[in-house]
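If you want the building blocks of each chain, they are given just below.
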Amino acid sequence: MYIARLEYNPNLFKMNRFLLPLLLMLFSVPLFCQVGINTNDPSPASVLDVNSTNGVSYGGFLPPRVNTAQRDAIAVSADDDGLMIYLIEGSERCVQIYDAVLDVWDNVYCMPVNDKPVATISYTGWTIEGQTLTASYTYSDTENDPQDVAATTANFQWVTATDVDGTNITPIAGATSSTFVVTTAQNGFFIAVQIIPEATSGMSPGNVAISDWDGPVTGNAAPEANNVVINGAFAENQTLTADFDYSDFESDAEGTHTYRWFRATDASGAGATAIPSATSITYDLDDTYMNLYIAVEVTPVASAGTLIGAPVMSAWGGPVTPPAAFASDLFISESIEGTYKVIEISNFTGTTINLENYKLKTYANGATTVNNTCTLTNVDLAHGESYVITNNMVVPNADRNYSWSFNGNDAVELTDPSNNPIDVIGEIGNNAYFNEDITLIRIPGSGPNTVFDPAEWTEVGSGSDTSNLGSHTYN
């Protein structure tokens, strides 16, 4: 069908309303023409010639704008090959032409898409009442659009949920900063933090980013007692002292702890019975506990927060023995001279002794004056324990390395904090060799002694034998 431009003349129509139909019937011939928009002179080669201006203003060509559902509702056929539309669907904006051969809509051109900024967010801290949670996030943008930091950081929001999957997510009123202090209101809930990233240019804001969920929130943690032990000798007329390491998750200070002492018939705790009125940190043994085993239960107490922790029992110690002879002070219990240079000090006084300001003094080559002094430091040495000092060498059970040496004819003296001599190995002022390249151990029941007595010592190996270090038998 060909379209020509026809003009309507009302006067002619009035003169003879039948003239026009007659002419159309008499002269039915094809008419060839071009259509011009905003032009009276369309191109001879075109069927449709669209000019951008009508002489007054400018315009453009606007194809039909449809979404995907509307486009798919167009009843296209093989005759519609080349049909054009402009598809708008979400962020997609494309000029499309229908390909009748493949029966598909092809993109001719799509507008560039500026991606939204993206954030990932997490937080640190414990989901415990009174604890502070701290959020941190990273910002990214595909087109490197700068972050609007002020706007982004104004978008923090802490939220709760009823499970770790985020069910029933609920914003926490007023919780809109990077930190949040957990309160009683969150007990039993799970916590996460959200943020919305914003850019200073391009697409913005981004989508909500949310951290992993953590929880459920619990109340203030109870204090704990760890490493509960008994110090002292398990012998008649001796005093036992409970000791333990206190800890509290929120660093609540210690309160007044409670103690209970128990007795049993063997080391496994058979027949364990609480000792009446034995509720202090110490307990004095008498002959009623002969051959029995003793343990202590500690219940840690905090001064704030959750006050009382779970009771913890020590290992069983014993059996309780008759009164034993105890050493009057610390003494040198072992000496190694040779490949290694080692002095071992032991405590069998029946009580714990602090080593601070005890000294080991060396008299070299028969000298009567001190050549070197090793001053011990603030270390508690319990009854029955040994302390090993080595000359910067790696040996088993070493407690301290000290840059000092002695040879087989050098006397070593032990003095107390008041600088009084209490023990010695070797004779001060005597240049004779007495322990060259050997290991000497104090025999049970001897020491301390300010006069060197070789009869108190037994040779157990060469100057490289470290197998006995770290422990000593006194009784």
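Residues numbered from 1 in each chain as written. Predicted model: local features only at pLDDT ≥ 70, side-chain atom pairs only at ≥ 80, totals over all residues. Heavy atoms only, no water.

Draft legend 1. Representation of the overall build of the protein. Looking only at helices and strands, the protein features 4 helices and 32 strands. Projected onto the principal axes, the alpha-carbon positions of the protein cover approximately 155 × 60 × 40 Å. The buried share of the protein, taken over its 475 residues, is 37%. Across the protein, every contact between residues at least 6 apart in sequence was considered, and the portion connecting residues at least 24 apart equals 57%. Within the structure as shown, the protein displays about 26100 Å² of accessible surface, and the carbon and sulfur contribution to it stands at 53%. With 14 positive and 55 negative side-chain charges, the protein shows a separation of 18 Å between the mean positions of the two kinds. (Helix = DSSP H or I, 4+ residues; strand = E, 2+ residues; numbered from the N terminus. Buried < 20%, exposed > 50% of the residue type's maximum accessible area, 1.4 Å probe, protein only. Contact = heavy atoms within 4.5 Å. Areas by Shrake-Rupley, 256 points an atom, 1.4 Å probe, with all protein chains shown as cover. Lys, Arg positive; Asp, Glu negative; His and termini not counted. Charge placed at Lys NZ, Arg CZ, Asp CG, Glu CD.)

Draft legend 2. Molecular detail of the pairing of strand E29 (residues 411-415). Of all the 5 residues making up E29, 5 are buried; the element is thus mostly covered by neighbouring parts of the structure. Burial of E29 is two-sided: the residues Ala411, Glu413 and Thr415 facing one way and the residues Val412 and Leu414 facing the other way are all buried. Of the pairings in the sheet, the one linking strand E24 (residues 359-363) to E29 comprises 5 bridges and is antiparallel in character. Residue pairing for E29: Lys361 is matched across the bridge by Glu413. Taking the residues that link successive antiparallel strands as the turn, the E29-strand E30 (residues 421-425) hairpin has 5 residues, and the phi of Asn419 there is positive, at about 75 degrees. (Pairing = 2+ DSSP bridges.)

Draft legend 3. Molecular detail of the pairing of strand E12 (residues 190-195). The element E12 is largely enclosed, with a buried count of 6 among its 6 residues. Of the two faces of E12, the one holding Phe190, Ala192 and Gln194 and the one holding Ile191, Val193 and Ile195 are both buried throughout. Pairing geometry for strand E9 (residues 157-161) and E12, over 5 bridges, is antiparallel. Counterpart to Thr160 in the pairing with E12 is Ile191. Pairing between E12 and strand E13 (residues 209-210): 2 bridges, direction antiparallel. Along E13, the bridge assignment pairs Gln194 with Ile210.

Draft legend 4. Representation of the environment of Leu381. Structurally, Leu381 is set in strand E26 (residues 380-381). Using a relative accessible area of 3% as the deciding quantity, one classes Leu381 as buried. If we ignore the near neighbours within four places in the chain, the residues touching Leu381 are Leu330, Ile345, Ser346, Asn347, Thr351, Thr352, Ile353, Leu355, Ser386 and Tyr387.

Draft legend 5. Summary view of the state of the cysteines. Enumeration according to the criterion identifies 1 disulfide in this entry. Sulfur-sulfur distance for the disulfide between Cys94 and Cys110 comes to 1.9 Å. Classification of the bridge connecting Cys94 and Cys110 rests on its S-S torsion, roughly 110 degrees, and on that basis the disulfide is right-handed. Here Cys94 is found in strand E5 (residues 92-99), whereas its partner Cys110 is found in strand E6 (residues 104-110), with 16 residues between them in sequence. (Disulfide = S-S within 2.5 Å.)

Draft legend 6. Structural view of the sheet that holds strand E16 (residues 258-264). Ordered by their spatial adjacency, 4 strands build an open sheet running E17-E16-E19-E20, and the pairing between neighbours is antiparallel. Taken across any chain shown, the strands that pair with only one partner, and hence form the sheet edges, are strand E17 (273-274) and strand E20 (312-313). In the sheet, E16 pairs with E17 via 2 bridges, with the strands oriented antiparallel. By the bridge assignment, Phe262 is partnered in E17 with Ala274.

Draft legend 7. Structural detail: the nonpolar core. Grouped together as the largest cluster of nonpolar side chains are 25 residues, with contacts concentrated most on Leu360 and Ile389. Examining the composition of this core, we find that 3 residues originate from one element, E30, more than from any other. If near-sequence neighbours (up to four positions away) are discounted, Ile389 is found in contact with Lys341, Val342, Ile343, Ile345, Leu360, Cys374, Leu376, Arg400, Tyr402 and Trp404. One finds Leu240, Phe244, Ile294 and Val320 within the second-largest nonpolar core, a separate group that totals 19 residues. (Core = buried A, V, L, I, M, F, W, Y, C linked by side-chain atoms within 4.5 Å.)

Draft legend 8. Spotlight on a nonpolar patch on the surface. Taken together, the side chains of Val35, Ile37, Val47, Leu48 and Val50 present a nonpolar region at the surface, about 430 Å² in accessible area. Of all elements in the fold, only strand E1 (35-37) and strand E2 (48-50) reach the threshold of two or more residues within the nonpolar patch. Following the sequence through the fold, Ile37 ends up in strand E1. (Patch = residues over 30% accessible without salt bridge, like charges linked within 9 Å, V, L, I, M, F, W, Y side chains within 5 Å. Salt bridge = Lys/Arg side-chain N within 4 Å of Asp/Glu carboxyl O.)

Draft legend 9. Focus on unusual backbone geometry. The omega angle of the peptide bond from Ser204 to Pro205 is 0 degrees, so this bond is cis rather than trans. Within the secondary structure layout, Pro205 lies in the loop between E12 and E13. Here Asn419, not a glycine, exhibits a phi torsion of approximately 75 degrees, which is positive. When its relative accessible area of 37% is taken as the criterion, Asn419 is described as partly exposed. We note that Asp437 has phi near 55 degrees; this positive angle belongs to a residue other than glycine. With respect to the helices, strands and loops of the structure, Asp437 is situated in the loop between E30 and strand E31 (438-442).

Draft legend 10. Quick look at the sheet that holds E12. Spatially, 4 strands are ordered E10-E9-E12-E13 in an open sheet, and the strand pairing comes out antiparallel. Only two strands of the sheet have a single neighbouring strand rather than two, namely strand E10 (170-171) and E13.

Draft legend 11. Here's a closer look at the packing of aromatic side chains. Applying the stated criterion across every chain, the model contains 11 aromatic pairs. A centroid spacing of 5.3 Å and a plane angle of 55 degrees characterise the contact between Tyr98 and Trp105, whose relative ring orientation is tilted. Taken individually, Tyr98 and Trp105 each receive the classification buried, so the pair is uniform in this respect. Put simply, the rings of Tyr123, Trp158 and Phe180 touch in pairs and so form one group of aromatic residues. (Phe/Tyr/Trp six-rings, centres within 6.5 Å; stacked < 30°, edge-to-face > 60°.)

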